[in-house]
Amino acid sequence: AVVSTQSTGLKKQKNKKQKKVCEEEEFECAKCKKQRRKLRPVMDVVHRIQWDESLNPEDFIVGYLDRFDGLVEEEFTYFDWSDITTVDEWETFCVPKHRVYYFKQRGEIVWDRRTRLDMIFGERDIRCEHCNEKT
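Residues numbered from 1 in each chain as written. Predicted model: local features only at pLDDT ≥ 70, side-chain atom pairs only at ≥ 80, totals over all residues. Heavy atoms only, no water.

**Describing the overall build of the chain**
Part 1: Helices and strands together make up the secondary structure of the chain, namely two helices and seven strands.
Part 2: Counted from the first residue to the last, the chain has its helices and strands arranged as β-β-α-α-β-β-β-β-β.
Part 3: Nonlocal contacts in the chain, meaning residues at least 24 apart in sequence, comprise 47% of its contacts between residues at least 6 apart. (Helix = DSSP H or I, 4+ residues; strand = E, 2+ residues; numbered from the N terminus. Contact = heavy atoms within 4.5 Å.)

Put into structure tokens, the structure is as follows:
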């Protein structure tokens, strides 16, 4: 854009920065950000392990944060996954869902809250082809 100044009569070139962003790049990056923010909740993972016939619940180990012992691992089948308010704490073992940090299948971590890893639902190492960000 060319702007003239009235006081001197000279013409100045006004510099405007223009972003050269392709619509595809915006879409891909927006898609990455959306996928990066959303991690499947613990109960979605639990239900998948319980009801998917291709997954054996005995193959899974749950890593959870104990208030006194720190990070502890137990077998998936050891837990009662019903609502913690309805469980008798002396008969069954239940842990608040926000204390679950990861699930392991045959020794390999397949869902991890800290690193946002989710291999239970097939969401492995997905990278945007434009921004190369790991989602």
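Next, the rest of the story.
**Concerning the confidence of the model for the chain**
Part 1: Chain-level pLDDT for the chain is 74 on average; 58% of the residues reach the 70-or-more range.
Part 2: Mean pLDDT across the secondary structure elements of the chain bottoms out at helix H1 (residues 23-37), with 46, and peaks at strand E5 (residues 100-105), with 96.
Part 3: Per-residue pLDDT stays below 50 along residues 18-28; that stretch engages in six contacts with residues further than four places along the chain or on separate chains. (pLDDT = per-residue confidence, 0-100.)

**Details of the pattern of salt bridges**
Part 1: Under the counting rule described, the total for this entry stands at four salt bridges.
Part 2: With a closest N to O distance of 2.9 Å, Arg48 and Asp52 form a salt bridge.
Part 3: What makes Arg48 partly exposed here is its relative accessible area of 30%.
Part 4: Here Arg114 ties to Asp112 by a salt bridge, and the two come within 3.3 Å at their closest N and O atoms.
Part 5: Residue classification places Arg114 among the partly exposed residues on the basis of a relative accessible area of 46%. (Salt bridge = Lys/Arg side-chain N within 4 Å of Asp/Glu carboxyl O. Buried < 20%, exposed > 50% of the residue type's maximum accessible area, 1.4 Å probe, protein only.)

**Here we look at the packing of aromatic side chains**
Part 1: Enumeration according to the criterion identifies eight aromatic pairs in this entry.
Part 2: Between Phe76 and Phe103, the aromatic rings sit 6.4 Å apart at their centres with planes inclined by 55 degrees, giving tilted as the arrangement. With Phe76 in the loop between strand E4 (70-75) and E5 and Phe103 in strand E5, this residue pair connects regions lying 27 residues apart in the sequence. No difference in accessibility class separates Phe76 from Phe103, as the two residues are buried.
Part 3: An aromatic cluster is built from Phe60, Tyr64, Phe76, Tyr78, Phe79, Trp81, Phe103 and Trp111, whose rings are joined through pairwise contacts.
Part 4: Between Arg113 and the ring centre of Tyr101, over which it is positioned, the NZ or CZ distance is 6.0 Å. (Phe/Tyr/Trp six-rings, centres within 6.5 Å; stacked < 30°, edge-to-face > 60°. Lys NZ or Arg CZ within 6 Å of the ring centre and 35° of its normal.)

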